[in-house]
Amino acid sequence: MALLRSRIVWIGAAVVLIAALLPFWLSAYLLGILTAAYYFGVFAMAWDLLFGFAGEVNFGPTFLIGLGAYTAAILNSTFGLPIPLCVIAAAFAAVAGGILLAVPALRLRGPYFGLVTLVAVLLLQNFVVIFASVTGGEIGMTVPDVLSIDASVNYWYALAFLVVCAVLLYGLSRSAVGLILQASGQDAVGAAALGFNVTKHKVAAFCVSALFSGTAGAMLIFYMGTASVDTVVDVAIAVQIIIAAVLGGRRTILGAALGAVFLIVANEFLRPLGQLNTFVVAAIALGVILFFPDGLLGYALHRGERE
Amino acid sequence: MSGAVRLQVSGLGKRFGGVVAVKNMNFELRAGEITGLIGPNGSGKSTVMSLIMGLVRPNSGAVKLDGVDIAGWPAHRIARAGVSIVFQHSRPLQRQTVLENVKLALLPDSLLQLATEATAAQRARAIAERVGLGGVLQRHPWTLPFADLRRMELAKAVARDPKVVLIDEPFAGLTTTEIRVFSDLIRTLRDEGRAVLLVDHSVKSVAALADRVIAMYLGEHIAEGSADEVMQNETVRRVYIGGAIEAVERKGVAAEAAATLLDVDAVEVFYGKANALDRVALRVQQDEFVSIVGLNGAGKTTLFNAISGLVPYRGAIRFAGRDLKSLTAAAIARAGVVHCPETRELFGYMSVRENLDLGGGHLSKAERERQLAWVFDLFPILEQRQTQAARTLSGGEQQMLTLGRALMMQPKLLILDEPTLGLAPVILGQLSKAIERLRQERSLTLLLAEQNVTFALPHSDRVYVLDHGRITWHGDPVRFAQEMSTGYL
C-alpha cells in the first residue's frame, strides 16, 4: 500500500506540473474549457466521498453546489461583499444546507435517501425561479466581481483550487476517519458493533462534501461571472457529476477528478458531431459503467482484486 | 473459576410483526465463564444475541451490563460499554490489509483523529499475532482462506478489550483442526476473565467448550446446566429429535419401477472458500416422499437453492430428464419445481389472498378458483384471514400460507425447507396432517428438509442424512429409527 501510495503521489505531481505549464501551449478557449472542468472535478470528488466512502448515493450534489453558488452571487451583487468573504459564506451556507438535508434524510434507508436529495434539488430550483427578484430567476444573475479577466490566471486559480481540494479530500479518505467512514458505508452493522456512531460519521462526510461543493460552486460563478440554474443547480448537471465520478472510479477520489475532466473535454472535442456528441459521451460512460464498474482509475489500480 | 455476573438479561422480549421471536428470556453471563446458547434454527437465539448487542431493539425487558441497563441503547454505545460480537459472516474492508482491518477496531469514535496513533498499529499487530494472523498482516482479506477471515473477525472483536464477547456459530465452516485452534483461542478469552457467549444450533459443537449451556426453543428458555445435563434433558431431546422416533413403514413406490423425477448428481457448492456441498448425489422417484435430515448448517438449504437455480454449482441436476443448469430460477419454478424456503419469503405487505393469487397467477380463472378452494379446505385458517397482511400472521399461519402459495403453483415436485422452523407442537400436528392429505389427494412428489426427525419420518419413503455438506447415510425410515436414532443429536 505504501508503494502504491507513493506511486500515486509521484504520478500526481507530474500531472500537476504538466497541467500548470499548459497555458504556455493552449489557446484561451481550451484553457477556458479546462478551467470549468477543474471546478467540475472538485464537484465529482466531493460526491465520491459520499458515494464511494460513506456509501450513500446523493442524487443532489447540485443542491449543495447551488446553495454555495447562489449565496456567493447574492452576497456579491446585492451587498457588494468582496470575493473571499463571499466564498467563505458560500461554504458555510452549503454546510448548513447539507446538515439540514442530511440529518433527517439519513434516518431513511436505501433508495429513500437518494430520493430526498433529488427532491432537494428540485426545491432549490423552484426557489430560485420563484424568488426571481433576488436570484435572477431563470435568466440567472450576473456578479459584478470576477476572479480575473485573464484566461491563464483563471486557469491557474482553478488548477490550484483543484489540487488543494484533491490533496485534502484524498488525505481525508486515507486517514483514520476515512477508514471508519468506509467501514460505515460498507457494513453499517459491523461498524456499529465496533463502537462507531455510523450516523455521526455519515453526517460529517455530508458536511465535508457540502463544504467542498459549496466552495467550488462559488469559485465557479466568480470565474464565469454569472450564476444560473442551468449551470449550477439543474438535475442534468447533477447527473453529469455522478457519471464523472463513476466513470473515473468509485472510492478513489482522484479518479472522480479525472472522470470530470475527461467528460468535459470529450464533450468539447466531439462538438463537431453536433447533437450526436452528447450521445457518444453518454454511450462511452455507459460502456465504462457496464464493463468497468470500478471506473477507469479503479480498474487500473485494483486489477486482479475480485470478490 | 467463574466470577461476578457481567451481563444480566431479564424479561427480554421481541416481536417481529405477528411473530414472537423472544419471550421473557432470563439468564446471566459471568466473568471468566463460557456459556453456550443453543436452540434449533428459528428458536430465537440469534435474536437474543442481536438484542444484547443493540442491533435490534427489544420490546420489553432489561439487559444489565455490570448493573447498567443497556437495553435499547444504539449498538455503538453498547460496543463502547464493553460488549463485542463475532459475526458468522464477515464483510471486511477489501481494499485494506489485514492489519488495517484490525486497526480499524482500535480507532476512537472521533471525527478529528486523522492519523492513527503509532501505538494503535503496534497493538493491532500484537492482537493479530495472538490469533495467528502474524504471517498475513499485509495481505488483503480476499486472498485469505476462510479460517483466517474468522480469525480476523475474532481479532477485531477482542481488540478493544471487551467484557462480554458474543460469538455467532463459532465453528461453522471450519475443519476439525481449525475447530481445535479456535476452541483454544476462545478458552484464552475466558482465562482473561471475559464473559463469553457461544451461540450455536447444536449442543454437540459447544459441549467441549461451554461451562454452562442454555437451551432455547420458540423464543423461550427451556433448559440450563452443564452440556451433559442439557443433552439428557427430556424437553431438549423432544425439541431436537421431536420425542420418540416412530417410523411408519410405507408401502411406498417400488424404486426400480417408478421413473426418476429428480436426479442430483455429484453437486458441489462453494461460498467463497467454504465448501457447503461436497459431491452430493440423490434421487427422487415420481410420487415419492423423500426427507433430508441434518442439523442446521449441514447444507440442506444450499442443496435446495442449487436445485431451484438460486446458487451456482458444479455437477448436474436433472428434473424429469432435463438438465436444470441452463434454466433460470423462474423457468425451473414454471417447470414444476416449487420451493418453499425456510425464510418463507412471503410478500409481507400483501394480503393472504394476494399472496395466494400470485402463486396461482399462471392458472386460468376457473382452475385458480378450484385450486384456491382446495387450499382453503386444507388450511381453513387462511380463508378466515384472506384480507390480512401476510406479515401480521403468526409464525404457524405464515408457514401455512407459504405452503398454500406453493400449492397454488400446482407443483410436480414440492421442496419444503424446514417447515417446522420455530413452530409450536400444535401447529406441527396441523402441518403434518396437511402433508398426509397431500399424499392422498394429489399426485405429488415431495422433498423435505428437516432437523426435526419425528416430523420428517412419518412422511418419508426414504431418508438421506446430510452432515457438513456430505450425504452420510441413506435408507428407509424404519432402518433410520434403528440405526440413527442414537448419535444423531
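Residues numbered from 1 in each chain as written. Chains lettered and ligands numbered in written order. Predicted model: local features only at pLDDT ≥ 70, side-chain atom pairs only at ≥ 80, totals over all residues.

Right, let's get into the overall build of chain B. Helices and strands together make up the secondary structure of chain B, namely 18 helices and 20 strands. The C-alpha radius of gyration computed for chain B amounts to 24 Å, which stays within 12% of the reference 23 Å derived for 489 residues, consistent with globular compactness. Along the first, second and third principal axes, the C-alpha atoms of chain B reach 70 × 45 × 45 Å. Considering chain B as a whole, with its 489 residues, one finds that 46% of them fall into the buried category. When contacts within chain B are restricted to residue pairs at least 6 apart in sequence, those whose partners lie at least 24 apart make up 70%. (Helix = DSSP H or I, 4+ residues; strand = E, 2+ residues; numbered from the N terminus. Rg over C-alpha atoms; globule rule 2.2 N^0.38 Å. Buried ≥ 20, exposed ≤ 12 C-beta atoms within 10 Å, placed from the backbone. Contact = placed C-beta atoms within 7 Å.)

Along the backbone of chain A there are 15 helices and two strands. Taken over the C-alpha trace, chain A has a radius of gyration of 19 Å; the compact-globule value for 307 residues is 19 Å, and the two agree within 12%. Overall, the C-alpha framework of chain A stretches about 50 × 45 × 35 Å when taken along its three principal axes. Pairs at least 24 apart in sequence give 76% of the contacts found in chain A among residues at least 6 apart.

A separate point is the interface of chain A and chain B. Contacts between the two partners involve 23 residues from chain A, matched on the other side by 29 residues from chain B. The set of elements that each furnish at least two residues to the side of chain A that touches chain B consists of α8 (176-186) and α9 (188-193) of chain A. Considering every element that reaches the side of chain A that touches chain B, the biggest residue donor is α8(A), with seven residues. Among the residues forming the side of chain A that touches chain B, the class breakdown is 12 nonpolar, seven polar and four charged. (Nonpolar A, V, L, I, M, F, W, Y, C, P; charged D, E, K, R; others polar.)

Here we take up the pairing of strand β20 (residues 470-475) of chain B. All names here are of chain B. Where strand β19 (residues 462-467) and β20 come together, five bridges link them in antiparallel fashion. Bridging across to β20, Y464 finds its partner in H474. Adjacent in sequence and paired antiparallel, β19 and β20 are bridged by two residues, among which H468 carries a positive phi angle near 45 degrees. (Pairing = 2+ DSSP bridges.)

We now examine the environment of B:H221. Residue and element names in this part refer to chain B. The topology assignment puts H221 in strand β10 (residues 220-225). Residues H221 and M25 lie 196 residues apart in sequence; the distance between their C-alpha atoms is 6.0 Å. In contact with H221, other than residues within four places in its own chain, are M25, N26, F27, I214 and M216.

Moving on, we get to the sheet that holds strand β15 (residues 322-323) of chain B. The strands that make up a sheet pair up through hydrogen bonds in the backbone, lying either parallel or antiparallel. Residues and elements named next belong to chain B. Sheet architecture is open: four strands sit in the order β12-β11-β14-β15, paired in antiparallel fashion. Two strands lie at the open edges of the sheet, namely β12 (274-285) and β15, each paired on one side alone. Two strands pair when backbone bridges link them, and strand β11 (residues 260-271) and strand β14 (residues 314-319) are joined in this way by five bridges, in the antiparallel orientation. Each bridged residue has a counterpart across the sheet, and for V264 the counterpart in β14 is I317. Those strands touched by helix α10 (residues 300-307) are β11, β12 and β14, and its axis lies near 65 degrees from that of β12. (Axes fitted to C-alpha atoms, helices over the stretch in contact; angles between N-to-C directions.)

Residue and element names in this part refer to chain B. Strand order across the open sheet formed by six strands is β6-β7-β8-β3-β9-β10, with mixed pairing between neighbours. Only two strands of the sheet have a single partner each, and these edge strands are β6 (83-86) and β10. The mean inter-strand angle of the sheet, taken between neighbouring strand axes irrespective of direction, is 20 degrees.

All names here are of chain A. Counted at 1.5 Å a residue, the expected span for helix α10 (residues 198-224) with its 27 residues is 39 Å, and the 39 Å between its end C-alpha atoms agrees. With 22 of 27 residues buried, α10 is to be regarded as a mostly interior element. Looking one or two residues beyond α10, the residue adopting positive phi is G225, at roughly 85 degrees. (Expected span 1.5 Å × (residues − 1).)

As a further point, take the packing of helix α2 (residues 28-53) of chain A against helix α13 (residues 254-269) of chain A. Residues and elements named next belong to chain A. Between α2 and α13, the least distance of the axes is 7 Å, while the angle of their chain directions is 140 degrees. Of the two elements, α2 crosses α13, and the hand of that crossing is right-handed. Residues I33, A36, A37, F40, G41, F43, A44, M45, W47 and D48 of α2 form the contact with α13, whose own contacting residues are A256, A257, G259, A260, V261, I264, V265 and E268. Its residues assigned to classes, the contact of α2 with α13 shows 14 nonpolar, two polar and two charged. (Left-handed = near helix turned anticlockwise from the far one by under 90°.)

All names here are of chain B. Each assigned domain of chain B is listed with its residue range as follows: domain 1 (5-241) and domain 2 (260-483). If you average the C-alpha positions of domain 1 and of domain 2, the two centres end up 32 Å apart. Listed by partner, the interface residues are 15 residues for domain 1 and 18 residues for domain 2. The residue makeup of the side of domain 1 that touches domain 2, split by class, is seven nonpolar, eight polar and no charged. (Domains from an automatic or database assignment.)

Now for the nonpolar core. In this structure, A:F43, A:A44, A:M45, A:A69, A:A72, A:I221 and A:A260 are the most contacted members of the largest nonpolar core, which totals 182 residues. Broken down by element, this core gets its largest block of residues, 17 residues, from α2(A). The contacts of A:A260, once residues within four sequence positions are left out, are A:A37, A:F40, A:G41, A:F43, A:A44 and A:A244. Counting 60 residues, the second largest nonpolar core, distinct from the first, contains B:V269, B:L372, B:F455 and B:L457. (Core = buried A, V, L, I, M, F, W, Y, C linked by C-beta atoms within 7 Å.)

On to the confidence of the model for chain B. Across chain B, the average pLDDT comes to 86, with 94% of residues at or above 70. Interface confidence in the predicted complex, given as ipTM, is 0.83; pTM for the same model is 0.80. (pLDDT = per-residue confidence, 0-100.)

This part takes up unusual backbone geometry. All names here are of chain B. Unlike most non-glycine residues, N24 shows phi in positive territory, near 45 degrees. As for its placement among the helices and strands, N24 is situated in strand β2 (residues 19-30). The phi dihedral of D161 is positive, around 55 degrees, even though this residue is not glycine. Within the fold, D161 resides in the loop between α5 (146-158) and β7 (164-168). You can call D161 exposed: it has 11 C-beta atoms within 10 Å.

Inspection of the secondary structure assignment puts A:A160 in helix α7 (residues 151-173). Each C-alpha atom, one on A:A160 and one on A:V239, is 25 Å from the other, the two residues being 79 residues apart in sequence.

Turning our eyes to something else, we now look at the packing of α2(A) against α7(A). Residue and element names in this part refer to chain A. At their nearest, the axes of α2 and α7 sit 9 Å apart, and the two run at 15 degrees to each other. As judged from the angle between their axes, α2 and α7 are roughly parallel. The handedness of the crossing between α2 and α7 is left-handed. Contacts between α2 and α7 involve A28, L31, G32, L34, T35, Y38, Y39, G41, V42, M45, L49 and F53 on the former and, on the latter, A151, S152, N154, Y155, A158, L159, F161, L162, C165, A166, L169 and S173. (Parallel < 35°, antiparallel > 145°, perpendicular 65-115°, else oblique.)

Looking now at helix α6 (residues 176-191) of chain B. Residues and elements named next belong to chain B. In a regular helix each residue adds 1.5 Å, so 16 residues correspond to 22 Å; α6 covers 23 Å between its end C-alpha atoms and thus fits that length. Listed in full, the buried residues belonging to α6 are F182, I186 and R190. When α6 is viewed along its axis, its buried side chains cluster within an angular range of 95 degrees and face the same direction. Away from its buried face, by an angle of more than 90 degrees, α6 presents the exposed residues T177, D184 and D191. The elements touched by buried residues of α6 are β3 (33-38), β7 and β8 (195-200). G193 sits one or two residues past α6 and shows a positive phi near 90 degrees. (Arc of directions from axis to C-beta.)

Moving on: the pairing of strand β16 (residues 337-340) of chain B. All names here are of chain B. Covered by surrounding structure in β16 are V337 and H339 together with V338 and C340, the residues of both alternating faces. As judged from the four bridges shared by β16 and strand β17 (residues 413-417), these two strands associate in the parallel manner. Paired with C340 across the bridge in β17 is L416.

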